[in-house]
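# Fold and contact review
Take a look at the letters that make up each chain.
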Amino acid sequence: MKKIEEIYEGLIALAQSPKGEKGITAEALGEYLELHRSNVSRYLNHLYSENRIEKIQGRPVKYLPIVREKAALGQEILRQDVFEKIIGAKESLHIPIQQAKAAILYPPNGLHTLLLGETGVGKTMFAERMHHFAIDAGILGNQAPLITFNCADYADNAQLLLGQLFGVKKGAYTGADKDREGLLKKADGGILFLDEVHRLSSPGQEILFTYIDKGFFRRLGDTEEVIYANTLIIAATTESPQSYLLKTFTRRIPMVITLPSLKDRTLGERLYLIEAFFREESKRLSRSIYISKNCLISFLLYDCPNNIGQLKSDIQLTCAKAFLNYKFQKKDYILATPTDLPQNVKSGMMKIKEKREQVEEVIHCKGDVLRFCYDEMTAHDKVIEDDSSHQNFYDVIEKQVRLLQAQGLQEHEINEIVNVDIESYFKKFMGNLFQQTKKTEILKVVEANILNLTEKILDLAQSRLSKVFDEKVCYGLALHISGMIQRLKNGNRIFNPKLNFIRVQYPDEFLIAMEAAKMIEKELYIELPLDEIGYITMFFSTESIEQNYSHDNERVGVLLLMHGNTTATSMAEVVNRLIGERQVEALDMPLEIPPEDFYQVVKEKVVDIHQGKGVLIMVDMGSLVNFGDMIYEETGIQIMSVDMVSTLTVLEACRKSVMNRSLKEIYDSCKEIYPHQRSKISEQGFAKRNAIITACFTGEGAAERLIQVLENNLKLDGETEIKALNLLDRKSFSEELEEYRKKWKVLAVVGTVEVNIPEVPFISAYDILTGEGMKQLQEIVDKENLYYRMGISLKEHLTAIDPQQIIIHVRAILEDIQRELQIMLEESELVGMLLHICFMLEKVKKRESLIPYKNKQEVFSKYSREFTIVKQQMKEIEEILDVEIGVDEICYLTKIIVENSSVQSV
């Protein structure tokens, strides 16, 4: 008899004794069998993992064999079934579990089932438990298969998807050189789990419900032979069945089970999940993990939109950071504190005021510090099975720490570097699904051998760095390598000014780039200098670079203060939407609140938003303008104040803040445009021409290749040029682009790595090469071409003014008017207004008489604010043409703008 069976038989024997009903300890079993306790404990844990015994928590841990009993239906079932181990089995999952059991036990072969639920609620795990339960209940044989298939993997190729599911007849399509069995047949005698079933095409659903009805189906391309199978189908979807599934299909799925999201489960259940995941991390580390009570509260209360999957990921990230501190400070224990929490988890503490009673109810007996130990795992701790392919990232952290210490880096430097790597590593857990690759489009630009080589390089990088790179990185790198090879063959070498920084900041990525360089040299017979290897490194560390910029680039805070109940917040909402992020904070000052009380609120807000570079306070009028000096005296925070602000000035302040300009620069910029006098004339005295920017790490290579692609595929008019810029240093890139925008109107930025420029669309090189981005860019260009052609056409009718130049100026003016008035004009209305203004200016320039506006007083009284803004904006055109636009024409323009506009979408 094997030793493990001897242990199992001994446990059964002791459990049947009067003293064994409440469980047997490893020590008692060791004495009974005359074996060492540690060996007995090891075998008991192995039996537990095989689901042959159960654990009873306590000190010490006790064990009991799982006894099989006869059920009423005649099948053998476990005394403790697999569903009882799921957290929430007697609460939020009680009804779904009862439905699942009914579906499995329903004679003769069970009921086909549809699982509904959001991403991350555990649909796959639930289907696995149904499979286990079916085996334990004797419905399925011990070797009955469970085959899992995600329909989304082949959603873009319906033929391939059908072939995977139902099999292929030889000759069904090109490349089908033999008969192939489908998954439905491979799952015969077991269960086929179809995840994301809503991605299954209508023909696929029809074949599936035909099988459900008749028990047979035909392979793809086969019109004669039918194939029989006895397969139970469990399907899952995150979508509404009525929206994506055929009614004829859903009618044939008799059992529909909805799994609750994490927000719909009790705090007690979430607590069990949190404890289970911390114990799993403890097991991986073979060490106890301690967390503060505040950490636990944050995990209990934070918004977790991706449900259990995200909760597990966030706990792993927290443990990784705590482990890093443990290694650095050489502590005897691993302690997770609030500083180790991801930012989204920290927000959970903000809800403690409203949830205090519920929280206290579930953690009232917990101390200030909680301990989780891997050898105290309960049956619940296996709620989600470990991914066997998941690399032990703690080993990666240890390796990095040793490597960086060997390089002589200080503790705080290593901490910063490794933390960035941890954040980047965990990005892959957040459920980013990548689209299928359109290689045919890419291969028009990049040679096949370079693309294949790039994929091999990224496979290496993904394996070594435990990262997942999407196709955009792949094709950005392929473009870069293609341009680099051409550059080196021409004898042109590029200096990398940040090489030393890259080598220190991203040592692992740099080592992989060195290996990638050897692969390139061997494959393409060319020698790569270190500078080029530095650029390749940056593709591997793209996510880390983005995070560095987000953490390192402290911005000037912008605070908007205005009298009234909603004035400031409404304007801030408009500006933040236009900027694309929450940059300006706002406080409304109701007229009834005393200024001294409001001052305290403002001071607290200034301290809160101050990031180290000062705060710009923007106010409408009155005593608010003095707040800045008072707060500076109390807090020492550098503050500048701008009064009489408008939406335009707030927008300008936020735009400059996003670009990391200094407080003084932003202040000066706002004062220059007050009140509504921003000049749109370039240094040469002409209106801006259009430009498209291509960007890569060097400004050559990929950027130059993108220029060729755009020139060959875009329909451009003469007023649009394409320029290449270097984005190696993001701050320098932003400054250079800003200078460029003074002379050119930048329509879009196309690049290998994403950059965010306010008011300028970004289109990735990947999207350009696969077609969608080119379509989007062409629409932008076509819009500009429309106005360009309009200007050319008007030259035949207008002689006193240059319509091409005037159209550019007037468009900019109309954009500012829309921002100021918080309105939106349709494109057709803009075109009509441009024509009206051009012909009006022609008459004014020729001093021809214009039709008087009959009821000016109505405009003055009803639209006084709108009239003032339009008049101020039109002053620019008056200066350019050296004319004066009369009150009548301003009235006409005001009335047209107001009556043909809608409220700005915010």
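Just so you know, these numbers come straight off a predicted model, no measurement behind them.

Here the structure, examined in full by the defined rule, presents twelve aromatic pairs. Centre to centre, the rings of Phe166 and Phe217 are 5.9 Å apart; their planes meet at 55°, and the pair counts as tilted. On the criterion of sequence distance, the pair formed by Phe166 in helix 6 (residues 158-166) and Phe217 in strand 9 (residues 216-217) is long-range, its members being 51 residues apart. According to the relative accessible area criterion, Phe166 is buried, its value standing at 2%. Residue Phe217 is classed as buried on the basis of its relative accessible area of 3%. When the ring of Phe278 is compared with that of Phe299, the centres are 5.8 Å apart and the planes differ by 85°; the resulting orientation is edge-to-face. Of this pair, Phe278 sits in helix 11 (residues 267-285) while Phe299 sits in helix 12 (residues 293-301); the two residues are 21 residues apart in sequence, bridging distant segments of the chain. Classification of Phe278 as buried rests on a relative accessible area of 0%. Aromatic ring contacts, followed pair by pair, group Phe278, Phe299, Tyr302 and Phe372 into a single cluster.

What follows deals with the pattern of salt bridges. Scanning the entire structure with this criterion turns up 18 salt bridges. Where Lys605 meets Glu585, a salt bridge forms, and the shortest distance between an N and an O atom there is 3.8 Å. Of this pair, Lys605 sits in helix 26 (residues 595-609) while Glu585 sits in strand 17 (residues 584-589), placing them 20 residues apart in sequence. Overall, the relative accessible area of 16% leaves Glu585 in the buried class. A cluster of three or more residues bridged by salt bridges with shared partners is formed by Asp179, Arg219, Asp222 and Glu225.

Looking now at unusual backbone geometry. With an omega dihedral of 0°, the bond running from Pro107 to Pro108 counts as a cis peptide bond. Mapped onto the fold, Pro108 is located in the loop between helix 4 (94-105) and strand 6 (113-116). In this model, Met644 sits at a positive phi of 55°, which is unusual for a non-glycine residue. With respect to the element layout, Met644 can be found in the loop between strand 19 (639-642) and helix 28 (647-658). Its relative accessible area of 46% is what places Met644 among the partly exposed residues.

On to the sheet that holds strand 19, then. If you walk across this open sheet you meet the four strands as 17-16-18-19, and the pairing is parallel. Only two strands of the sheet have a single neighbouring strand rather than two, namely strand 17 and strand 19. Going across the sheet, the axis of each strand differs from the next one's by a mean of 20°, ignoring polarity. In terms of strand pairing, strand 16 (residues 557-563) meets strand 18 (residues 615-619) through five bridges, oriented parallel. Across the sheet, the residue bridging to Leu561 is Val619, located in strand 18.

Take the confidence of the model for the protein next. On average, residues of the protein carry a pLDDT of 78, and 81% of them reach 70 or more. Every residue in residues 68-79 scores below 50 in pLDDT, and together they form 29 contacts with partners more than four places removed in sequence or on other chains. Note that residues 377-391 has pLDDT below 50 and, in this model, 43 contacts with residues that lie over four places away or in other chains.

This brings us to the environment of Thr248. Its location among the elements puts Thr248 in helix 10 (residues 247-250). Taking relative accessible area as the criterion, Thr248 reaches 28% and is therefore assigned partly exposed. When the C-alpha atoms of Thr248 and Phe209 are compared, they prove to be 7.5 Å apart, with 39 residues separating the residues in sequence.

What follows concerns the pairing of strand 22 (residues 744-751). For strand 22, a buried count of seven out of eight residues is recorded, marking the element as mostly surrounded by other parts of the structure. Alignment of strand 20 (residues 689-696) against strand 22, held across seven bridges, turns out to be parallel. Note that in strand 22 the partner of Ala695 across the bridge is Gly751. Relative to strand 23 (residues 762-764), strand 22 runs parallel, the two being bridged by three bridges. Within strand 23, the position partnered with Val750 by the bridge is Ile763.

Spatially, 1-3-2 is the arrangement adopted by the three strands of the open sheet, whose pairing is antiparallel. Looking at the sheet topology across the chains shown, the edges are occupied by strand 1 (24-25) and strand 2 (53-56). Strand direction decides the pairing type here: strand 2 and strand 3 (residues 62-65), joined by four bridges, are antiparallel. For Ile53, the partnering residue across the bridge sits in strand 3 and is Pro65. Packed on one face of the sheet, helix 1 (residues 3-15) meets strand 1, strand 2 and strand 3 and runs near 95° to strand 3.

Between its terminal C-alpha atoms helix 30 (residues 702-713) stretches 16 Å, which fits the 16 Å expected from twelve residues at 1.5 Å a residue. Ala702, Ala703, Arg705, Leu706, Ile707, Val709 and Leu710 are the residues of helix 30 that are buried. Elements in contact with the buried residues of helix 30: helix 20 (471-489), strand 20, strand 21 (720-726), strand 22, helix 32 (765-770) and helix 33 (772-794).

Moving on to the environment of Gln343. The topology assignment puts Gln343 in helix 14 (residues 343-346). For Gln343 and Asp314, which are 29 residues apart along the polypeptide, the C-alpha to C-alpha distance reads 9.9 Å.

For the rest of this paragraph, the subject is the packing of helix 34 (residues 803-821) against helix 37 (residues 864-881). Two numbers describe how helix 34 lies on helix 37: the axes approach to 10 Å, and their chain directions differ by 160°. What the angle tells us is that helix 34 and helix 37 run roughly antiparallel. With respect to the hand of their crossing, helix 34 and helix 37 are arranged in right-handed fashion. Side by side, helix 34 and helix 37 meet where Ile806, His809, Val810, Ile813, Asp816, Ile817, Glu820 and Leu821 of the first sit next to Arg865, Glu866, Ile869, Val870, Gln873, Met874, Glu876, Ile877, Ile880 and Leu881 of the second. For the contact of helix 34 with helix 37, a count of residues per class yields eleven nonpolar, two polar and five charged.

Ile520, Phe540, Ile692, Leu710, Val749 and Leu777 are the most contacted members of the largest nonpolar core, which has 77 residues in total. The greatest single-element share of this core, amounting to ten residues, is contributed by helix 20. Counting residues in each nonpolar core, the second largest holds 38 residues, with Ile801, Cys838, Phe867 and Leu893 among its members.

What counts as what
The residue numbering used here restarts from 1 in each chain and proceeds along that chain's sequence as written. In keeping with the predicted nature of the model, local features appear solely for residues at pLDDT of at least 70, side-chain atom pairs appear and are counted solely at 80 or more, and the whole-chain, interface and lining totals rest on all residues. Heavy atoms throughout the structure, all of them, feed into the side-chain values; hydrogens and water do not. A pair of Phe, Tyr and Trp rings is counted when the ring centres sit within 6.5 Å of each other, with Trp represented by its six-membered ring. The angle between the planes then sorts it: under 30 degrees is stacked, over 60 is edge-to-face, the rest tilted. Strands here mean DSSP runs of E at least two residues long; helices mean DSSP runs of H or I at least four residues long; both are numbered from the N terminus. Buried, partly exposed and exposed residues are distinguished by accessible area as a fraction of the type maximum, computed with a 1.4 Å probe on protein chains only: under 20%, between the cut-offs, and over 50%, respectively. Each reported salt bridge corresponds to a side-chain nitrogen of Lys or Arg within 4 Å of a carboxyl oxygen of Asp or Glu. By definition, two strands form a pair when at least two bridges between them are found by DSSP. Lines fitted to C-alpha atoms define the axes, with helix axes restricted to the stretch in contact, and inter-axis angles between N-to-C directions lie between 0 and 180 degrees. On a scale of 0 to 100, pLDDT captures the predictor's confidence in every residue. Two residues form a contact once any of their heavy atoms are found within 4.5 Å. Multiply 1.5 Å by the residue count of a helix minus one, and that product is the helix's expected span. Any angle that falls under 35 degrees is termed roughly parallel, while one over 145 is termed roughly antiparallel, one within 65 to 115 roughly perpendicular, and all others oblique. With the far helix as reference, a near helix turned anticlockwise by less than a right angle produces a left-handed crossing, and one turned clockwise produces a right-handed crossing. Basically, the charged four are Asp, Glu, Lys and Arg, the nonpolar ten are Ala, Val, Leu, Ile, Met, Phe, Trp, Tyr, Cys and Pro, and anything else, Gly included, counts as polar. Nonpolar cores were defined as sets of buried Ala, Val, Leu, Ile, Met, Phe, Trp, Tyr and Cys residues, with membership established by side-chain atoms within 4.5 Å.

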